[in-house]
Amino acid sequence: MEIFHKPIMLKEITDALTLKPSDIFVDCTLGGAGHSVEIIKHIPNGRLIGIDKDEEALKFAGVQLKNFSNVTLVKSDFKNFESVLDNLNIEKVDGFLLDLGVSSHQIDTAERGFSFRFDGPLDMRMDKNQELTAFDVVNTYSKQDLIKILKIYGEEQFANLIVNNIVKHRQTALIKTTKELNFIIEQCLPKRIVYKSGGAGKKTFQALRIEVNQELAGLEKSLNKMIGRLNLGGRIFVMSFHSLEDRIVKTVFKFNASGCICPPGTPVCICGHKPKLKLINRKPITASQEEQTTNPRSTSAKLRIAEKI
Ligand SMILES: C[S@@+](CC[C@H](N)C(=O)[O-])C[C@H]1O[C@@H](n2cnc3c(N)ncnc32)[C@H](O)[C@@H]1O
């Protein structure tokens, strides 16, 4: 059977579930349903709602979940989860999972254009109906915007060098494929970086993917809204793979877990802020050494769990 995506920290997540048999759980990043096939076993009389914006993921997940009748799969961006719930007449749920970023299937399918390791069109869209592609970003964004994207989303220290070379190349011919772009990146970087494990294009490709799919935009707002639609005792699980992403999750969780947020030194509380969450783990949970060895994609994963109070 095809390995679509190996679910990361599956045991850590299922061990922390507090679901009752008739609860409702929303997997906001369904992927290959690696987590969902286990989660659904905890809610035999409840309902699992699986959201993904990638049709290939929904198709694969549908097969994995075919023996369960209490599943609803929806093609959508999880930023629109409220309308998904509203359409199903569901006001509150008992759990959310966000396993952010891309699936192994997306990365490993050359035609999707996510990886510098394979030759494919510069695409990188999770949702194939979306207009913006990596080709547009690489060939039409201004030099300043590209530098900003590589620095912020890719934490790429050679952003200036890489973007200068991209701009030089695109003046003569459009950059169409992942291999062309990777060559342009390798051409301008010090040889020691090019030969370093992980590959020279890794950070640039990550940055472009985040921009194409607007992965960070609206995450904070979505998390706040999800907390609002959790039943008491319901849990939200967020797994991130990028420090910016994890910082957003940490900040939202911390804010919602705080009581008074008056400026320090305020003699009497005037904000009236009440905690809505209890943090299940103060520090992010990381994959075990064994998982990191067997599944290198788990090495950068950080899992935060919080409970509605
Ligand atoms: C890391 S994979 C999830 C893997 C899944 N947990 C499993 O074990 O099979 C992330 C999935 O979320 C989807 N995705 C990422 N951002 C999304 C968003 N904003 N809205 C909907 N789906 C999203 C991607 O298309 C991808 O299929």
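Residues numbered from 1 in each chain as written. Predicted model: local features only at pLDDT ≥ 70, side-chain atom pairs only at ≥ 80, totals over all residues. Heavy atoms only, no water.

How would you explain the site of the ligand if you had to name every residue and give the values?
Taken together, the neighbourhood of the ligand is formed by 24 residues, with His-35, Asp-52, Phe-78, Asp-99 and Gln-106 sitting nearest. In the model, an oxygen atom of the ligand is placed 2.7 Å from a nitrogen or oxygen of the Asp-52 side chain. Here a nitrogen atom of the ligand and a backbone polar atom of Phe-78 are 2.9 Å apart. When the free accessible area of the ligand is taken as 600 Å², the share hidden by the protein chains comes to 98%. Partitioning the shell around the ligand into residue classes produces nine nonpolar, 10 polar and five charged. (Near = heavy atom within 4 Å. Polar contact = N/O pair within 3.5 Å; in protein donor to acceptor, adjacent residues only side chain to side chain. Areas by Shrake-Rupley, 256 points an atom, 1.4 Å probe, with all protein chains shown as cover. Nonpolar A, V, L, I, M, F, W, Y, C, P; charged D, E, K, R; others polar.)

Describe the packing of aromatic side chains, with residues and values.
What the rule picks out here adds up to four aromatic pairs. Taking 4.4 Å as the distance between ring centres and 20° as the angle between the ring planes, the aromatic pair formed by Phe-4 and Phe-60 counts as stacked. Linking Phe-4 in the segment before helix H1 (10–15) with Phe-60 in helix H3 (residues 55–64), this pair joins segments that are 56 residues apart in sequence. When its relative accessible area of 3% is taken as the criterion, Phe-4 is described as buried. Under the relative-accessibility criterion, Phe-60 is labelled buried at 16%. Here the aromatic rings of Phe-81 and Phe-96 are separated by 5.4 Å at their centres, their planes lie at 85°, and the arrangement is edge-to-face. Within this pair, whereas Phe-81 is found in helix H4 (residues 81–87), its partner Phe-96 is found in strand S4 (residues 93–99), the two being separated by 15 residues in sequence. (Phe/Tyr/Trp six-rings, centres within 6.5 Å; stacked < 30°, edge-to-face > 60°. Helix = DSSP H or I, 4+ residues; strand = E, 2+ residues; numbered from the N terminus. Buried < 20%, exposed > 50% of the residue type's maximum accessible area, 1.4 Å probe, protein only.)

Could you give an account of the sheet that holds S4, naming the residues involved and the relevant values?
Note: strands within a sheet are paired through backbone hydrogen bonds, in either parallel or antiparallel orientation. The strand order S3-S2-S1-S4-S5-S7-S6 describes an open sheet built from seven strands, whose pairing is mixed. The open sheet has two free edges, formed respectively by strand S3 (71–75) and strand S6 (277–279), since each of these has just one partner strand. Averaged over all neighbouring strand pairs, the angle between strand axes comes to 15°, with direction disregarded. Here H3 sits on the sheet and contacts strand S2 (47–52) and S3; the angle it forms with S3, its principal contact strand, is near 165°. Along the sheet face, helix H13 (residues 243–257) touches strand S5 (230–240), S6 and strand S7 (302–308) and points at about 20° away from the line of S7. (Pairing = 2+ DSSP bridges. Axes fitted to C-alpha atoms, helices over the stretch in contact; angles between N-to-C directions. Contact = heavy atoms within 4.5 Å.)

Can you lay out the domain arrangement of the chain for me, pointing to particular residues and giving the numbers?
Its domain assignment divides the chain into domain 1 (10–101 + 216–308) and domain 2 (107–212). Placing the centre of domain 1 and that of domain 2 at their C-alpha centroids yields a distance of 30 Å. If you look at the interface, domain 1 gives 11 residues, while domain 2 gives 13 residues. Taken over both partners, the interface formed by domain 1 and domain 2 buries close to 1000 Å², and the fraction arising from carbon and sulfur atoms is 43%. Our count for the contact surface shared by domain 1 and domain 2 stands at five salt bridges. Among the salt bridges present, the one from Arg-112 reaches Asp-54, with a minimum N-O distance of 3.0 Å. Inspection of the domain 1/domain 2 interface yields eight residue pairs in polar contact (both at pLDDT 80 or more). Only H3 and H13 provide two or more residues apiece to the side of domain 1 that touches domain 2. Among the residues making up the side of domain 1 that touches domain 2, the classes are represented as two nonpolar, three polar and six charged. (Domains from an automatic or database assignment. Buried area = accessible area lost by both parts, 1.4 Å probe. Salt bridge = Lys/Arg side-chain N within 4 Å of Asp/Glu carboxyl O.)

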